[in-house]
Amino acid sequence: MSASAPLPSAVEALLTRAESLLARLEQVLPHPATPPDWGAAIAWRYVRRGQAGVLEPVRQVARIRLADLKEIEPQKERLVRNTEQFVAGRMANNVLLTGARGTGKSSLIKACLNEYAPRGLRLVEIDKADLVDLPDLIALVAGRPERFVVFCDDLSFDEGEPGYKALKSVLDGSVAEAGDNLLIYATSNRRHLLPEYMKENLSYQHTEDGEVHPGEVVEEKISLSERFGLWISFYPFSQPEYLVIVAQWLRAFGLPETAVAAARAESLVWALERGSRSGRVAQQFARDYAARHG
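Note that the structure is a prediction, hence the values are computed from the model and not measured. (Residues numbered from 1 in each chain as written. Predicted model: local features only at pLDDT ≥ 70, side-chain atom pairs only at ≥ 80, totals over all residues. Heavy atoms only, no water.)

**Some words on the packing of helix α2 (residues 73–87) against helix α3 (residues 105–116)**
A pair of packed helices is characterised by two quantities: the angle between their axes and the separation of those axes.
Phase 1 of the analysis: Between α2 and α3, the shortest axis-to-axis distance is 11 Å and the interhelical angle comes to 40 degrees. Between α2 and α3, the interaxial angle falls into the category oblique. Read as a crossing pair, α2 and α3 show a hand that is right-handed. Where α2 abuts α3, its residues Gln 75, Lys 76, Leu 79, Val 80, Thr 83, Glu 84 and Val 87 lie against Leu 108, Ile 109, Cys 112 and Tyr 116.
Phase 2 of the analysis: Along the lines of polarity and charge, the residues of the contact of α2 with α3 split into 7 nonpolar, 2 polar and 2 charged. (Axes fitted to C-alpha atoms, helices over the stretch in contact; angles between N-to-C directions. Helix = DSSP H or I, 4+ residues; strand = E, 2+ residues; numbered from the N terminus. Parallel < 35°, antiparallel > 145°, perpendicular 65-115°, else oblique. Left-handed = near helix turned anticlockwise from the far one by under 90°. Contact = heavy atoms within 4.5 Å. Nonpolar A, V, L, I, M, F, W, Y, C, P; charged D, E, K, R; others polar.)

Written out as structure tokens, the structure is:
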């Protein structure tokens, strides 16, 4: 058959079917995220669009500032020091912020972003379901001059979730580790990030001299959180601490000191009805009170 001779119809049909099959495979196979316009924002949200990962710019970043966060000074000092080291190009640790809900874990990370964004800090928020794409995200920012914090809020895993092993691999033990321009900041209500069951206590081994050694299941559950170089713990607020936070939010919403003092009793009733004296509850009360009395 000469080079210019037409292909038999059966061969043409086979090639057409093969091209159609390849086109379908391209649609279902995962595609790495494409670089965005890095100058469009200081914060990004990693999302899945079909089979492709996309970095969407966050147009309205929370305006929280470090000075706005009260009664968490030790926690603030530790995270600010770590972030300052990171932005300055020195060694810094991945951070796990754990503890009571509504005590400022996520707000502290956002405040650090606002503080250090002028010096090149950028934030990429990622859901735990998308952590399997973490190696692709690391490759995407590799070589960039900015300093990136990958932020995973309310992180916890159930048994067998794929993101667990992906995160564990990136934090420690992977051949392709994260570059020096990327850290992982995560918040969680669980210190060990995995559910713990009473039956697992049976795996503990007791030696004759009284020592206690956790079993393999317990060791595995502890191993992920241990890979974060810095743990920062948050605790429930006392009543005086709660009142300080309420006052801070009321002032931020523009109320005068007389109104701040008058709101004290009502803010305590609000917390009692909610069953919590968290910073989130304080902000919710202040927003409601300011709307009625501002």
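Now that the structure has been shown, the text picks up again.
**Some thoughts on helix α4 (residues 134–141)**
Phase 1 of the analysis: Those residues of α4 not exposed but buried are Leu 134, Leu 137, Ile 138, Leu 140 and Val 141. Buried residues along α4 cover an arc of 160 degrees about the axis, so they all sit on one side.
Phase 2 of the analysis: For α4, the secondary structure elements touched by its buried residues are β1 (43–49), β2 (52–57), β4 (121–126), β5 (147–152), α5 (162–171) and β6 (182–188).
Phase 3 of the analysis: Gly 143 lies just past α4 and shows a positive phi near 85 degrees. (Buried < 20%, exposed > 50% of the residue type's maximum accessible area, 1.4 Å probe, protein only. Arc of directions from axis to C-beta.)

**So, the packing of aromatic side chains**
Phase 1 of the analysis: As enumerated under the stated definition, the model contains 5 aromatic pairs in all.
Phase 2 of the analysis: Ring centres of Trp 270 and Phe 285 lie 5.6 Å apart, and the angle between their planes is 65 degrees; on these two criteria the pair is classed as edge-to-face. In this pair, Trp 270 sits in helix α9 (residues 264–274) while Phe 285 sits in helix α10 (residues 279–293), placing the two residues 15 residues apart along the sequence.
Phase 3 of the analysis: Judged by relative accessible area, which is 22%, Trp 270 ranks as partly exposed.
Phase 4 of the analysis: These aromatic residues form a ring-pair network of at least three members: Trp 38, Trp 44 and Phe 148. (Phe/Tyr/Trp six-rings, centres within 6.5 Å; stacked < 30°, edge-to-face > 60°.)

**Let's talk about the packing of helix α7 (residues 239–252) against α10**
Phase 1 of the analysis: Remark: α7 packs on α10, axes separated minimally by 8 Å, with the N-to-C direction vectors making an angle of 40 degrees. By the angle between their axes, α7 is oblique relative to α10. Where α7 crosses over α10, the handedness of that crossing is right-handed. Contacts between α7 and α10 involve Tyr 242, Ile 245, Val 246, Trp 249 and Leu 250 from the former and Gly 279, Val 281, Ala 282, Gln 283, Phe 285, Ala 286 and Tyr 289 from the latter.
Phase 2 of the analysis: Per-class residue counts for the contact of α7 with α10 are 10 nonpolar, 2 polar and no charged.

**Topic: the pairing of β6**
The two faces of the sheet receive side chains in turn, since in a regular strand these alternate between them.
Phase 1 of the analysis: Judged by how many residues are buried, β6 sits mostly within the fold: 7 of 7 residues are covered.
Phase 2 of the analysis: Relative to β6, strand β3 (residues 95–99) runs parallel, the two sharing 4 bridges. Bridge pairing in β6 links Leu 97 to Thr 187.
Phase 3 of the analysis: Of the pairings in the sheet, the one linking β5 to β6 comprises 5 bridges and is parallel in character. (Pairing = 2+ DSSP bridges.)

**Notes on the side chain of Asn 94**
Phase 1 of the analysis: Mapped onto the elements of the fold, Asn 94 is located in the loop between α2 and β3.
Phase 2 of the analysis: Residue classification places Asn 94 among the buried residues on the basis of a relative accessible area of 16%.
Phase 3 of the analysis: With residues up to four places along the chain from it excluded, the contact list for Asn 94 reads Leu 171, Leu 183, Ile 184, Phe 228, Gly 229 and Leu 230.

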